[in-house]
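Spelled out, the chains give:
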Amino acid sequence: MSVTLTPVPGPVRTEAGPSVASRRSGSPAALLASLLGFSVITIDVTAVNIALPDIRASLHGGMAGLQWVVDAYTLMFAALMLSAGALADRAGARRAYAWGVGLFTAASLACALAPGIGSLIAARVAQGGAAAIVMPASLALIRQAYDDPRRRARAIALWTVGGSAAVAVGPVLGGILTETAGWRAVFLLNLPVGAVILALLARTARSPRRPAPLDLAGQVSAVLALAGLAFAVIEGGHLGWTHPSVLAAAAVAVGSAYAFHTAEKRHRAPMVPLGLLRQRQVSVALAVGFAVNAGFYGVTFLLGLYYQQLRGMSGVTAGLMFVPMAAFVTGTNLVSPRLAERIGRRRVVVIGQAVLAVAMFALLPLTAHTPLWLVLALLVPTGIGGALAVPALTAQLIDSVPGERAGTASGLLNSLRQTGGALSVALFGALLAGAGGTFSLPGMRVGLLVAGLTLCATTALAAWLLPRD
């Protein structure tokens, strides 16, 4: 999937050290460090999806455990993304990036050494928090290193394409590592990459910093709200929706959401200005971003298990099955902006969602014996739909808010997209587990139907409420 670029404010004060101006003509070390970091946090998501069956066999975790392995990472990524940009501003891009990469590397080692499913989930929480720091700081590092607009645009394009390519590489790499060295190798791979990034950062000039207020009350309540909601959905599918712990989690989610609203209303510099959410174009864009990621990452989660648990594929083969879809994601990311210039952003957003909705419905007839060529063909619109909609959606969102709110709006869109992916995994996993925790084909179909209907609803919203170009 494409990524949302977060504009980086100008500096106010600078870390002690070499002159900032001396290296702004361009820094290959900064670009390579940024590209590697963004790629590794992207690969981690898709590679782990392929490793899930082996993790379950090794650590004896049920379907709920597998859902938490995915969602512990994604939820922390989504929640902390709201204030990660402010942290990068306060600490300086290079310092924040080093913190994020260091924590991500240490958490990856903890994942690889995890003796049980609980400790793995805890390490994944730390990984997700680190990834939320890495993503905006990596882009800020590029912004700092390239003053020339043309060279900066090319650097950002490479950064974006690298993230798209990581979507394709992740499943294959995850399958190869799991088959040849075990699932722990998926996490161990991050260690040398982290060391290379930190070495490159040592050759990168120090970053400017600026005072940026942190909204701690809003951040804590956001994490609790998302965690409570995810727990209620995941465990509700396994323990029953009236189980006391499920009801308690739902109450925590509601109470924390109210606390978040109150905190944002009272804070002098809220990380999510409530007035922004009342703007029609912003609220529709957030709903569309949520639905698109819910469909795309929900399908990735479902099919990773479908290939291995129902079709009996190896991890390598299952990973290779995602390559054609990922190739269409990368190609469509490049086409979408040009198409938006020709026919208008609103039409591209609507068409992209409609294609993705059709993809959800087209996958409904899948069985254990569906020809593989047909499965691959049915995945083509999945790769095209979201990748078509998101770049145009992002551009339209950024243009609809004042310049000083562009970074906030972009971070909010990224957060809602990640939340959509996390909740789809929570819901689909709850539907997917059959008797005894086995893969349930009817449950998979219900999940696809829910995703398709949600996309139909947001397609109608976008067609009705987004402005015409």
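Residues numbered from 1 in each chain as written. Predicted model: local features only at pLDDT ≥ 70, side-chain atom pairs only at ≥ 80, totals over all residues. Heavy atoms only, no water.

Novice: Which parts of the structure should I look at to understand the overall build of the protein chain?
Specialist: Looking only at helices and strands, the protein chain features 17 helices and 2 strands. Taking 469 residues into account, the globule formula puts the C-alpha radius of gyration at 23 Å, and the protein chain, at 21 Å, falls close to it. Over its C-alpha atoms, taken along the principal directions, the protein chain stretches across nearly 65 × 50 × 45 Å. Taking contacts inside the protein chain between residues at least 6 apart in sequence as the whole, the part at least 24 apart equals 85%. As displayed, the protein chain has an accessible area near 17900 Å², and 67% of this comes from carbon and sulfur atoms. (Helix = DSSP H or I, 4+ residues; strand = E, 2+ residues; numbered from the N terminus. Rg over C-alpha atoms; globule rule 2.2 N^0.38 Å. Contact = heavy atoms within 4.5 Å. Areas by Shrake-Rupley, 256 points an atom, 1.4 Å probe, with all protein chains shown as cover.)

Novice: In this structure, what is going on with helix H17 (residues 441-465)? I would like to understand it.
Specialist: Residue pairs spaced three or four apart in an α-helix point in one direction, given the helix's 3.6 residues per turn. The first and last C-alpha atoms of H17 sit 36 Å apart over 25 residues, in line with the 36 Å expected at 1.5 Å per residue. Restricting attention to buried positions, one finds in H17 the residues Leu441, Gly443, Met444, Gly447, Leu448, Ala451, Gly452, Leu455, Thr458, Thr459, Ala462 and Leu465. Near the N-terminus of H17, the side chain that reaches the backbone nitrogen of Gly443, with its oxygen 3.1 Å away, is that of Ser440. (Expected span 1.5 Å × (residues − 1). Buried < 20%, exposed > 50% of the residue type's maximum accessible area, 1.4 Å probe, protein only. Polar contact = N/O pair within 3.5 Å; in protein donor to acceptor, adjacent residues only side chain to side chain.)

Novice: It is not clear to me how the side chain of Gln396 should be interpreted in this structure. Could you clarify?
Specialist: Of note, Gln396 is situated in helix H15 (residues 372-399). Note on Gln396: relative accessible area 7%, which makes it buried. When sequence neighbours within four positions are dropped, the list of residues in contact with Gln396 reads Arg345, Arg346, Leu466 and Pro467.

Novice: Honestly, the confidence of the model for the protein chain in this entry has me stumped. Any pointers?
Specialist: Do not read the fine detail of predicted coordinates wherever pLDDT is low. Counting all residues, the mean pLDDT for the protein chain is 85, and 90% of those residues have values of 70 or more. In the predicted structure, residues 2-24 sits below a pLDDT of 50 and forms 69 contacts with residues beyond four places in sequence or in another chain. (pLDDT = per-residue confidence, 0-100.)

Novice: Honestly, the packing of aromatic side chains in this entry has me stumped. Any pointers?
Specialist: Any pair of aromatic rings gets described here by the distance separating the centres and the angle formed by the planes. Under the defined criterion, the tally for this structure stands at 7 aromatic pairs. With a centroid separation of 6.1 Å and an interplanar angle of 80°, the aromatic rings of Tyr73 and Phe77 are classed as edge-to-face. Residue Tyr73 and its partner Phe77 are both found in helix H2 (residues 63-91); the two are separated by 4 residues, about one turn of the helix. By relative accessible area, which is 5% here, Phe77 ends up buried. Each residue in the set Tyr306, Tyr307 and Phe322 is aromatic and connected to the rest through ring pairs, giving one cluster. (Phe/Tyr/Trp six-rings, centres within 6.5 Å; stacked < 30°, edge-to-face > 60°.)

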